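The primary structure of each chain is shown beneath.
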Amino acid sequence: MASQTVENYLKCIYALQQKSGEEVATNAIAERLETKASSVTDMLKKLKAKDLVDYQKYKGATLTKEGQRIAIDIIRRHRLWEVFLTKELNFSWDEVHDIAEELEHVESPQLIKRLDAYLGNPKYDPHGDPIPDEYGNLRDERDKILLSNLELNQKGIVIGVEESSSEYLQYLDSIGLTLGTSISVLERFPFDNSVKIKLNNQEFQVSLIVAQNLVIKPQ
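Rules used in this analysis
Residues numbered from 1 in each chain as written. Predicted model: local features only at pLDDT ≥ 70, side-chain atom pairs only at ≥ 80, totals over all residues. Heavy atoms only, no water. Axes fitted to C-alpha atoms, helices over the stretch in contact; angles between N-to-C directions. Helix = DSSP H or I, 4+ residues; strand = E, 2+ residues; numbered from the N terminus. Parallel < 35°, antiparallel > 145°, perpendicular 65-115°, else oblique. Contact = heavy atoms within 4.5 Å. Nonpolar A, V, L, I, M, F, W, Y, C, P; charged D, E, K, R; others polar. Buried < 20%, exposed > 50% of the residue type's maximum accessible area, 1.4 Å probe, protein only. Pairing = 2+ DSSP bridges. Arc of directions from axis to C-beta. Core = buried A, V, L, I, M, F, W, Y, C linked by side-chain atoms within 4.5 Å.

1. Details of the packing of helix α1 (residues 4-20) against helix α3 (residues 37-49)
Stage number 1. It is the contact of α1 with α3, at a shortest axis distance of 11 Å, that shows an interaxial angle of 95°. By the angle between their axes, α1 is roughly perpendicular relative to α3. In this structure, α1 uses Thr 5, Val 6, Tyr 9, Leu 10 and Ile 13 to contact α3, whose residues at the interface are Ser 39, Val 40, Met 43, Leu 44 and Leu 47.
Stage number 2. When its residues are assigned to classes, the contact of α1 with α3 shows eight nonpolar, two polar and no charged.

2. So, the pairing of strand β4 (residues 155-161)
Stage number 1. Within β4, five of the seven residues are buried, leaving the element largely enclosed by the surrounding structure.
Stage number 2. One ladder, built from three bridges, connects β4 with strand β5 (residues 182-189); its direction is antiparallel. Residue pairing in the sheet places Lys 155 in a bridge with Ser 184 of β5.
Stage number 3. As paired strands, β4 and strand β8 (residues 214-218) are joined by five bridges and run antiparallel to one another. Directly across from Gly 160, in β8, lies its bridge partner Val 215.

3. Concerning helix α2 (residues 26-33)
Stage number 1. Buried within α2 are the following residues: Thr 26, Ile 29 and Ala 30. The arc that holds every buried residue of α2, seen down its axis, measures 100°, which confines them to one face. Opposite the buried face of α2, by more than 90 degrees, sit the exposed residues Asn 27 and Glu 31.
Stage number 2. Considering only its buried residues, α2 is in contact with α1, α3 and β1 (53-56).
Stage number 3. Glu 34 occupies a position one or two residues after α2 and carries a positive phi of about 55°.

4. A closer look at the nonpolar core
Stage number 1. Counting 24 residues, the largest nonpolar core has Leu 10, Ile 13, Ile 29, Leu 44, Leu 47, Val 53 and Leu 63 as its most contacted members.
Stage number 2. The set of elements that each furnish at least two residues to this core consists of α1, α2, α3, β1, β2 (60-63) and α4 (65-87).
Stage number 3. Among the elements that make up this core, the one with the highest residue count is α1 (seven residues).
Stage number 4. Each residue touching Leu 47, except ones within four places of it in the same chain, is listed here: Val 6, Tyr 9, Leu 10, Ile 13, Leu 52 and Val 53.

Here you go:
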């Protein structure tokens, strides 16, 4: 059984590795976990000794097969709990992350299997992220694109977010940009790369940061 700290490190490395596709730098881990680089170095050495990461000084770290298995299992637990919190307890999508961060460390395969079945084996969490199956398969075969890359006059459906901070999600709620919303791009502004969009028969101008973090299924 991995400790909570170990699980947090493995999940962090997995997320960073998925974004960069290469070794994860010590400083990147430290920034994400809000800790000192020296503390990260010490932990990486311990994880290497447990055969959970491959780590070389000055080159960074990658997960071993076992490290990746544990990380994906944590992600599965986290995302299933997010579904449960929104579907059964009526939490909003901007409230569930921190609670799921605590629940994900309850390590009971039987509990998670029953939770998955109870929820109807959901494929995606409330933020549109795919949920790994019980065998650790994590696939997302949907046709998708960021709003920032959607063509002028092209339509699409909001299916996810790249940024899941409460502030970002609350902003999306305030203008009605939730999962399942139909959206189209009306205009782009070269000055700051902001985008004018149309949704629910209303027009809004959103910043580049918003557009770069909104996942769309083109239509």
